[in-house]
Amino acid sequence: MRRRRLAALVGCAILIGSGTLAAAGPNKPVPTKPAPTKPDARKPAGPTKAQRRDMTRGLNSYRQARTAAKRAEATRLVLRAGPEGAKALADLIDVELRSPLERYRAKFAQGAADVLRKRGVDLQEVAQLRAGIVGRARDKTLTEEIIRAQSDPALARLNLLLGIDRMQVLQAHEALQKQRSELLAFAPAWDASQAVLARGVGSLSNGSFEELLVADESMAAQFALPFPPEAHLALSVNARVSTVLDVEEARGIAALNMTRVTLGLNLLLIDLALANAARDHSHDMETSNFFSHQSPLPGKRTIGDRAKRLGTQADGENIAHGHSVGTDAIRMWWYSPGHHKNMLGNYRRVGLGRSGTLWTMMFGR
């Protein structure tokens, strides 16, 4: 399992509807950043023959290891080969974790559903709260004040009714606690291999294996929410696709989608072409010092132009600046009526792209 694969799930909890953030005004100039220093182009030396032998022996030992001590010794042998060994070990852990992690997610979701059933949620109240928030989003008279005074309390109530704490699920199911312990047996080797890889290519996440597993459990708990089966498939597809996104881009999309789930709306499927178009527009705004839906660059003037260049089609766009965290950009848009309407709109696809603190979200039907 790659660090990015788990890290992409971080921030999927429902985060919209709290906090105060300044709105981004149109046509405000954004300062450009100095060009980054070019890295040393010299190729690092690869592992020696002896290190490769140790790597092969260590990988074979890791596959057969049944104790923490034997896994630790195998890990030490593999990592003698440096980044090449770390990547090989990460790939092996990815394969070995795939099936048990999927079983754990499914079991965790079932446990969360049990917790929700025992809580006795009033589905009629849920439906009324959802209809109020979505109805206001469709109203042409929507204002920030209405969102704060009416939609925020309704969303907070929905989160209270439908939100499931992962610890409640674990405490209620001993079998899950055992499965979790078995997964954590992979943590030392996973953390060690990622530490070696991070020194070579830059850290993809600050989380340890256990911290990222906590995020995965939080996402699994959301599967207990009352929504149609196709939404489960969409979540699974997005979890896989989001591994190629910037972590903060993935977090922003996940936060928006979990809010849409809470409101009974369809999940937005990640369109990588839209994400690339969105990221390109954010980069253009940063480097060409403008902030607008209208680009001054040839062939990129409108949202339609920008989407077409990347082989897709777009019907809506949000832009923001001044945020380094994806969920902060989403929350800012929540309080801006036009952007709010887009996020709860009748779309099927989404792409979120950032460059520095510039953000673009593109929507497609």
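Just above sits the structure.
Throughout this document, residue positions are counted from 1 along each chain, in the order its sequence is written. The predicted nature of this model means local features are confined to residues of pLDDT at least 70 and side-chain atom pairs, given and counted, to a pLDDT of 80 or more, with totals for whole chains, interfaces and linings taken over all residues. Only hydrogens and water are set aside; all other atoms, that is, all heavy atoms of the structure, feed into the side-chain values.

Visitor: What is the right way to read the packing of aromatic side chains from this model?
Guide: Centre distance and the angle of the planes are the two values used to describe a pair of aromatic rings. We call Phe, Tyr and Trp rings a pair once their centres come within 6.5 Å, taking the six-membered ring for Trp, and we label the pair stacked below 30 degrees between planes, edge-to-face above 60, and tilted otherwise. As enumerated under the stated definition, the model contains three aromatic pairs in all. Residue placement shows Arg-71 over the ring face of Phe-186; its charged tip is 5.6 Å from the ring centre. Residue placement shows Arg-148 over the ring face of Tyr-335; its charged tip is 3.8 Å from the ring centre. Any Lys NZ or Arg CZ found within 6 Å of a ring centre and within 35 degrees of that ring's normal is scored as a charge over the ring.

Visitor: Just to check I follow, could you spell out the pairing of strand β3 (residues 349-355) for this structure?
Guide: Each regular strand displays side chains that alternate between the two surfaces of the sheet. The buried count for β3 comes to six of seven residues, which makes it a mostly enclosed element. Between any two strands, pairing holds if DSSP finds at least two bridges. Numbered from the N terminus, helices here are DSSP runs of H or I no shorter than four residues, and strands are runs of E no shorter than two. The pairing of strand β1 (residues 269-270) with β3 spans two bridges and is parallel. In the sheet register, Ile-270 faces β3, and the bridge partner there is Val-350. Pairing between β3 and strand β4 (residues 358-364): seven bridges, direction antiparallel. Bridge pairing links Arg-354 to Trp-359 in β4. A simple rule labels every residue: compare its accessible area, found with a 1.4 Å probe on the protein chains alone, to the largest value its type can have, and call it buried under 20%, exposed over 50%, or partly exposed in between.

Visitor: Before we go on, may I ask you to explain helix α6 (residues 144-162) in this structure?
Guide: Because each turn of an α-helix spans 3.6 residues, side chains separated by three or four positions end up pointing in the same direction. An ideal rise of 1.5 Å per residue puts 27 Å on 19 residues; α6 measures up with 25 Å between its terminal C-alpha atoms. Where α6 bends most, at Ser-151, the angle is about 35°, and the proline Pro-153 comes one to four residues later. For α6, the complete set of buried residues consists of Ile-147, Ser-151, Asp-152, Ala-154, Leu-155, Leu-158, Leu-161 and Leu-162. Buried-residue contacts for α6 involve α4 (83-119), α5 (123-138), α12 (247-262), α15 (326-334) and α16 (337-343). Expected helix span is computed as 1.5 Å times (number of residues minus one). Here the bend at a residue means the angle between the axes of two seven-residue stretches, the one that ends at it and the one that starts at it. Note on definitions: a residue-residue contact is assigned when non-hydrogen atoms from the two residues lie within 4.5 Å.

Visitor: Can you help me understand the side chain of Ser-336 in this one?
Guide: Topologically, Ser-336 is positioned in the loop between α15 and α16. A residue is classified by how much of its surface remains accessible, and Ser-336, at 18% relative accessible area, is buried. Here a polar contact means two N or O atoms within 3.5 Å. Within protein one must be a hydrogen donor candidate and the other an acceptor candidate, and residues neighboring in sequence count only if both atoms are side-chain atoms. Only 2.7 Å separates the side chain of Ser-336 from the side chain of His-339, close enough to count as a polar contact.

Visitor: Got a minute to help me understand the packing of helix α2 (residues 49-64) against α4 in this structure?
Guide: Think of two packed helices as two axes; the pair is described by the angle between the axes and how far apart they sit. At a minimum axis separation of 11 Å, α2 and α4 run at an interaxial angle of 15°. In terms of axis orientation, α2 runs roughly parallel to α4. Seen from above, α2 lies across α4 with right-handed handedness. Contacts between α2 and α4 involve Arg-52, Met-55, Leu-59, Tyr-62 and Arg-63 from the first element and Glu-84, Gly-85, Ala-88, Leu-89, Leu-92, Ile-93 and Glu-96 from the second. Under the scheme applied here, ten amino acids are nonpolar (Ala, Val, Leu, Ile, Met, Phe, Trp, Tyr, Cys and Pro), four are charged (Asp, Glu, Lys and Arg), and all others, including Gly, are polar. When the residues that make up the contact of α2 with α4 are grouped by side-chain class, the tally is seven nonpolar, one polar and four charged. Angles shown run from 0 to 180 degrees and are taken between the N-to-C directions of axes, each axis being a line fitted to C-alpha atoms and, for helices, limited to the stretch in contact. An angle below 35 degrees is treated as roughly parallel, one above 145 as roughly antiparallel, one from 65 to 115 as roughly perpendicular, and anything else as oblique. The sense of a crossing depends on the near helix, which, turned anticlockwise from the far helix by less than a right angle, makes the crossing left-handed and, turned clockwise, makes it right-handed.

Visitor: In this structure, what is going on with the nonpolar core? I would like to understand it.
Guide: Nonpolar cores were defined as sets of buried Ala, Val, Leu, Ile, Met, Phe, Trp, Tyr and Cys residues, with membership established by side-chain atoms within 4.5 Å. Counting 72 residues, the largest nonpolar core has Trp-333 and Met-361 as the members making the most contacts within it. Broken down by element, the residue count for this core peaks at 12 residues, all from α4. Among the nonpolar cores identified, the runner-up in size contains seven residues, and Met-219, Ala-231, Leu-235 and Met-258 belong to it.

Visitor: Help me out: how do you make sense of the pattern of salt bridges in this one?
Guide: For side chains of opposite charge, pairing can occur when their charged atoms come near one another. Any carboxyl oxygen of Asp or Glu within 4 Å of a side-chain nitrogen of Lys or Arg constitutes a salt bridge here. Evaluation of the coordinates by the stated rule reveals 23 salt bridges. Between Asp-54 and Arg-57 there is a salt bridge whose closest N-O contact spans 3.2 Å. With Asp-54 and Arg-57 both in helix α2 and three residues apart, the pair spans about one turn of that helix. Under the relative-accessibility criterion, Arg-57 is labelled partly exposed at 47%. The partner of Lys-300 in a salt bridge is Asp-280, and the shortest N-O contact between them spans 2.9 Å. In this pair, Lys-300 sits in the loop between α13 (272-288) and α14 (303-309) while Asp-280 sits in helix α13, placing the two residues 20 residues apart along the sequence. Under the relative-accessibility criterion, Asp-280 is labelled partly exposed at 25%. What you see here is one network of salt bridges that share partners, running through Arg-166, Arg-180, Glu-210 and Glu-217.

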